[in-house]
Amino acid sequence: MDLKILVDFLKKIELFRDLEDNEIELISTKTDVITYEAHKHVFKENTDREYLYIIHDGEVELYKSTPFGEEKRLSFFSKYDFLAEGSLLDDSPHSTSARALLKTTVIRISRDNFINIAKEHPEIALKIFGHIARIMSRRMRQTNARTVNLSAQYESGRTRTEHDLLGDRDVPSEYYYGVQTLRAVENFNISGVTLNFYPVLIQALAMVKMAAAKANFDLGILTEPLTNAITQACSEIINGRLHRHFAVDMIQGGAGTSTNMNANEVIANRALEILGYERGEYKYCHPNNHVNLSQSTNDAYPTAIKIAIHNANKKLVEVLVDLIASFRAKAAEFAGVLKMGRTQLQDAVPMTLGQEFEAYAVTLEEEILRLNLNANLFLEVNMGATAIGTGINAAPGYSKKVISHLRKITGLDIKLAENLVEATQDTGAFIMFSSATKRLAVKLSKICNDLRLLSSGPRTGINEINLPPMQPGSSIMPGKVNPVIPEVVNQIAFKVIGNDLTVTLAAEAGQLELNVMEPVIVQSIFESIEMLKNGMTVLRYKCIDGITANTDHCRNLVLNSIGIITALNPYLGYETSTRLAKEALQKNMGVYELVLQNNLLSKKELDKILAPENMIKPQKIKRK
């Protein structure tokens, strides 16, 4: 790359903005330029940090792999962005991976070259270090309950002026969102959980906006160039681009208007770029006049969240199916392990550990149908109803066309509600789906209660099963290991149950033609889905798959239990069985031992009756 072109480019990078021309020229001589083909890695997690990367053209995504091999996108970078600036400070390994999304050219500065510059020109290094410290501080503000977004975008200092009803504001030039989103970010610093936590929601918003643009073009009220630009922008968002610019808190006032405007502004500004204009030149593509054409928040927002929840449910069910498979595998593994069944925490009758785990699989399997049935309620939407369901500001025939496009874009069997006034104010589908997540949570919690009881001990509890040891269990009691995975799933269940109450109260709070509490309904449901997905995944990998049975201990508990008297009742009679049970308790003896001692049955007869295959299913009874 020509040195002058390189110097001019580096002048626009925030890290170097305080440097003199000769200082930037010096740095330029220490760089190299490298091109990565689409889908090639720039760097990988846990590899050595060697370079600062500055994107000259192209796109790079930053992601992190979960312990289960799933990739979680953290951020997206394009021209003038830089990443891995920490390599200039130390040589610790990369904590994330970076991959080119399309053919990408980057300018690299190696750590060794920077160290040499710092030795010879400490004043240059000090200026750059100052910017790195400030940038890293800004990036570290982007935190949440799950992770620190190590890639949070910097503010370069360049701005564009935008205006709305309340006046003018300067918006950082690198942001695709505009003035209304900026105000919402400032007003609703509530949960720290922003729209970009849930890609499925952002994708659904883009699907709705794409369908609207296509319907408006069909009706002749949106030009072909604008339609194509909006459609392309929406397509990019559906494919994962620009998600970090959806920055509004999930919990917000205004019945979702901030979410809708966040989408409108990001799409408008990306469409402007596609058309060859600068971000903010809204006379060519306006967030309200063009992207939001024939819509209001009151139909676009609930339609998008219904599509998003329906799609999120698919992943929830996939995770549930995998968990059920794990329980079923354990049921087969433990099919021959005889143990004592219990009711009211008291000895009941024998069963197998396999039967216990099969029951867990079956009870969870019931929830697949329940979740899917309630998720299908979201396929009825109110697109075209605009503000209150009367269809004002939508052209005749718009609803039919937008629904047709939505069906094609989403692949879902979406239908227009019969009464759009009712559909605009009704939140019944959210109540039903939330109740289904609560029901699943309650069942998961009950199962985890059982796992904690069955693994209790190891010397003074039931101790029929062993849970995989995950971490030391005490800061003061050596050797203690706690059932931490079932415990965390219990706590997830408590949150989901609480979220269901929130959804119920928010649904009840609707007034007249609109329910303005939909944002907290949406936040609660998405949080429940996310926590259930994560909880079930952890439960499967870190608990269920690693459970082992204490087979001999289980059988000895049966033989020493008073409960096996129930299995002998058909052979000895109720009165004799009652007397044996009482005597066993008084003398602290096993029923098995007493039956032999009293010559009531031979050992061969007793062993046959108490054989696992004879105690876990109905048996033919002699006529009395």
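Structure shown above.
Residue indices begin from 1 for each chain and proceed along its sequence in written order. In view of the model being predicted, local features appear only for residues whose pLDDT reaches at least 70, and side-chain atom pairs are presented and counted only at 80 or more, with totals across whole chains, interfaces and linings using the full set of residues. With hydrogens and water excluded, all non-hydrogen atoms of the structure serve as input to the side-chain values.

Visitor: Describe the overall build of the protein, and please don't skip the residues or the numbers.
Guide: Runs of H or I in DSSP of at least four residues are treated as helices and runs of E of at least two as strands, each being numbered from the N terminus. Looking only at helices and strands, the protein has 22 helices and 16 strands in total. With respect to the three principal axes, the spread of C-alpha positions in the protein is 105 × 70 × 35 Å. Should any heavy atoms of two residues lie within 4.5 Å, those residues are considered in contact. Across the protein, the fraction of contacts at a sequence separation of at least 24, relative to all contacts at a separation of at least 6, is 72%. With the model as given, the accessible surface of the protein reaches about 29,000 Å², and the carbon-plus-sulfur share is 52%. Seen as two clouds, the 70 positive and the 72 negative side-chain charges of the protein have centres 7 Å apart. Using a 1.4 Å probe, accessible areas were evaluated by the Shrake-Rupley method; residue-level cover was limited to the displayed protein chains. In this count, Lys and Arg are taken as positive residues and Asp and Glu as negative ones, while His and the chain termini are left out. Charge coordinates come from a single atom per side chain, which is NZ of Lys, CZ of Arg, CG of Asp or CD of Glu.

Visitor: Quick rundown of the pattern of salt bridges? Include the residues and the values.
Guide: Note on definitions: salt bridges are taken to be side-chain nitrogens of Lys or Arg within 4 Å of carboxyl oxygens of Asp or Glu. Inspection of every chain in the model, using the stated rule, returns 38 salt bridges. For lysine 443, the salt bridge is made with glutamate 366, and the minimal N-O distance between the two is 2.7 Å. Of the two residues, lysine 443 sits in helix H14 (residues 428–454) while glutamate 366 sits in helix H11 (residues 353–375), which places them 77 residues apart along the sequence. In this structure, lysine 533 and glutamate 530 form a salt bridge, with 3.5 Å as the shortest nitrogen-oxygen distance. In this pair, lysine 533 and glutamate 530 both sit in helix H16 (residues 518–542), 3 residues apart, roughly one turn of the helix. Pair check on accessibility: lysine 533 and glutamate 530 agree, each one buried. For every residue, the accessible area (1.4 Å probe, protein chains only) is compared with the maximum for its type, and the residue is labelled buried under 20%, exposed over 50%, or partly exposed between those bounds.

Visitor: Outline the sheet that holds strand S7 (residues 97–100), supporting the account with residue identities and numerical values.
Guide: A pair of strands is treated as paired once DSSP finds two or more bridges between them. Spatial ordering of the open sheet is given by S2-S7-S4-S5, a layout of 4 strands whose pairing is antiparallel. Here the strands that pair on one side only, and so sit at the sheet edges, are strand S2 (41–43) and strand S5 (71–77). For this sheet the average axis-to-axis angle between neighbouring strands, irrespective of direction, equals 30°. Only the contacting stretch of a helix is used when fitting its axis, a line to C-alpha atoms as for every element, and angles between N-to-C directions run 0 to 180 degrees.

Visitor: Tell me about the environment of leucine 293, and please be specific about residues and values.
Guide: Mapped onto the secondary structure, leucine 293 falls in the loop between helix H9 (287–291) and helix H10 (297–333). Once the C-alpha coordinates of leucine 293 and alanine 581 are considered, the two residues, 288 residues apart in sequence, prove to be 79 Å apart.

Visitor: Residue-level account of the environment of glutamate 318, with values.
Guide: Along the chain, glutamate 318 falls in helix H10. The sequence separation of glutamate 318 and isoleucine 368 amounts to 50 residues, and the corresponding C-alpha distance is 9.2 Å.

Visitor: Mind laying out the nonpolar core, listing which residues take part and the relevant values?
Guide: The term nonpolar core refers to a set of buried residues drawn from Ala, Val, Leu, Ile, Met, Phe, Trp, Tyr and Cys, joined through side-chain atoms within 4.5 Å. In this structure, Phe357 and Leu539 are the most contacted members of the largest nonpolar core, which totals 117 residues. Once residues lying within four places of it in the same chain are set aside, the contact partners of leucine 539 are Leu323, Leu444, Cys448, Leu451, Ile485, Val489 and Ile544. If you look at the next biggest cluster of nonpolar residues, it comprises 22 residues, including Val7, Ile13, Ile107 and Ile117.

Visitor: An account of the side chain of glutamate 356 is requested, with residue identities and associated values reported.
Guide: If you trace the backbone, glutamate 356 turns up in helix H11. Using a relative accessible area of 15% as the deciding quantity, one classes glutamate 356 as buried. Filtering out sequence-adjacent residues up to four positions away, glutamate 356 remains in contact with Lys339, Met351 and Leu454.

Function-wise, these values are silent; they only describe arrangement.
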